[in-house]
Amino acid sequence: QAAHAWYLQAVDVLLDWQRASRDGALPPYDEALLRRELQLFPDWYMTRHRSTAPSDAQQAVLARSFDAIVRDNLAAPRVFVHRDFMMRNLMVGADGRLAVLDFQDAVLGPITYDIASLLRDAFISWDEEFVIDITVRYWDKARRAGLLGAASSSGFGADFGEFYRAVDWMALQRHLKVAGIFARLALRDGKPRYLADAPRFIGYVRQTCGRYRELAPLSRLIDELEGTQAAMGYAFGRM
């Protein structure tokens with residue numbers, strides 16, 4: 001309950017940032033960068049951390065999954081993207097307002113990225129009821145600001161379900177990337193404390209894959225990698 005007001009303020013800060021977007025001011029968050037980030041998962045989390053070189057079958061699953069993730073991510077409207085917009089990078093000023101830290105890696109890319117980063121945090125997890133509550137408030141303000149297209153048109157501005165699905169798929173790219181980054185920080189840079197939060201990201205990956213039938217092969221790969229059994233249930237093509 002105490003966090004709710006801060007997250008609403010964070011949404012307003014994010015919208016101010018996105019409304020300032022303009023072409024040419026920041027590097028593009030393009031297909032090449034999205035794929036380089038995804039590759040951190042097999043290169044560092046699977047092969048180095050889990051000591052599991054992907055088999056031919058697993059490589060095929062990763063390739064198909066990454067193709068679908070990148071295609072979905074690139075379909076989103078483009079705005080300024082902080083790339084690590086989360087509570088640890090928001091500081092309360094003397095006037096009680098939030099200011100943004102750690103924006104040196106900002107790019108121009110999918111509008112879905114920063115709201116996904118804010119609510120699927122590296123260091124704290126929220127119930128989905130809370131995540132949906134904040135996301136729908138963000139979505140409503142973003143469409144009224146003209147960032148998602150006219151509410152009467154098809155697409156993100158007209159359908160919150162479509163937008164939430166896109167946020168899920170953008171978050172999936174981030175989860176896989178961060179799991180790889182945390183493994184790299186531990187194994188290459190001597191910072192093992194980050195790996196303590198890697199299970200949070202694997203949990204996020206499982207949660208998202210469980211919602212969409214086209215991600216079922218990736219879900220099975222994760223279960224093989226982690227040595228776990230998938231929960232029984234049903235998967236749907238969209239939310």
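Residues numbered from 1 in each chain as written. Predicted model: local features only at pLDDT ≥ 70, side-chain atom pairs only at ≥ 80, totals over all residues. Heavy atoms only, no water.

### Re the packing of aromatic side chains
Rules: Note on ring pairs: Phe, Tyr and Trp rings are taken, using the six-membered ring of Trp, and paired if centres are within 6.5 Å. Classes follow the plane angle, with under 30 degrees stacked, over 60 edge-to-face and the rest tilted. Whether a residue is buried, partly exposed or exposed follows from its accessible area with a 1.4 Å probe, protein chains only, as a fraction of its type maximum: under 20%, in between, or over 50%, in that order.
Applying the stated criterion across every chain yields a total of 15 aromatic pairs. When the centroid spacing of 5.9 Å and the interplanar angle of 75° are considered together, the rings of Phe 156 and Phe 163 count as edge-to-face. According to the relative accessible area criterion, Phe 156 is buried, its value standing at 15%. The class for Phe 163 is buried, based on a relative accessible area of 0%. Counting every residue linked through ring pairs, the aromatic cluster contains Phe 123, Phe 182, Tyr 194, Phe 201 and Tyr 204.

### Quick notes on the packing of helix α6 (residues 160-187) against helix α7 (residues 198-209)
Put simply, the rule is: For helices, the fitted line uses only the C-alpha atoms of the stretch in contact; every axis is such a line through C-alpha atoms, and the angle between N-to-C directions lies from 0 to 180 degrees. Put simply, DSSP marks the helices as runs of H or I at least four residues long and the strands as runs of E at least two long, and each gets a number from the N terminus on. Working definition: roughly parallel below 35 degrees, roughly antiparallel above 145 degrees, roughly perpendicular at 65 to 115 degrees, and oblique for all remaining angles. What makes a crossing left-handed is the near helix being turned counterclockwise from the far one by less than a right angle; a clockwise turn instead makes it right-handed. Throughout, a residue-residue contact means that at least one pair of heavy atoms, one from each residue, lies within 4.5 Å.
Packing of α6 against α7 brings their axes to within 9 Å, and their N-to-C directions diverge by 150°. Here α6 is positioned roughly antiparallel relative to α7, judged by the angle of their axes. Once α6 is placed against α7, the crossing between them reads as left-handed. Listed contacts from α7 to Asp 168, Leu 172, His 175, Leu 176, Val 178 and Phe 182 of α6 are Ala 198, Phe 201, Tyr 204, Val 205, Thr 208 and Cys 209.

### Remarks on the nonpolar core
Note the following rule: Residues enter a nonpolar core if they are buried and are Ala, Val, Leu, Ile, Met, Phe, Trp, Tyr or Cys, with the set joined through side-chain atoms within 4.5 Å.
Grouped together as the largest cluster of nonpolar side chains are 36 residues, with contacts concentrated most on Phe 41, Tyr 45, Leu 172 and Leu 176. Taken together, the elements giving at least two residues each to this core come down to α2 (31-49), α3 (56-74), α6, α7 and α8 (216-226). If you tally residues by element for this core, the top one is α2, at 8 residues. Residues in contact with Leu 172, not counting those within four places in the same chain, are Ile 69, Val 205, Thr 208, Cys 209, Leu 215 and Leu 218.

### Considering helix α4 (residues 112-119)
Counting buried positions over the 8 residues of α4 gives 8, a clear majority of the element. For α4, every residue scored as buried is listed here: Thr 112, Tyr 113, Asp 114, Ile 115, Ala 116, Ser 117, Leu 118 and Leu 119. On its buried side, α4 packs onto α1 (2-19), β1 (78-81), β2 (90-92), β4 (107-110), α5 (128-144) and α6.

Keep in mind these numbers describe shape, not what the thing actually does.
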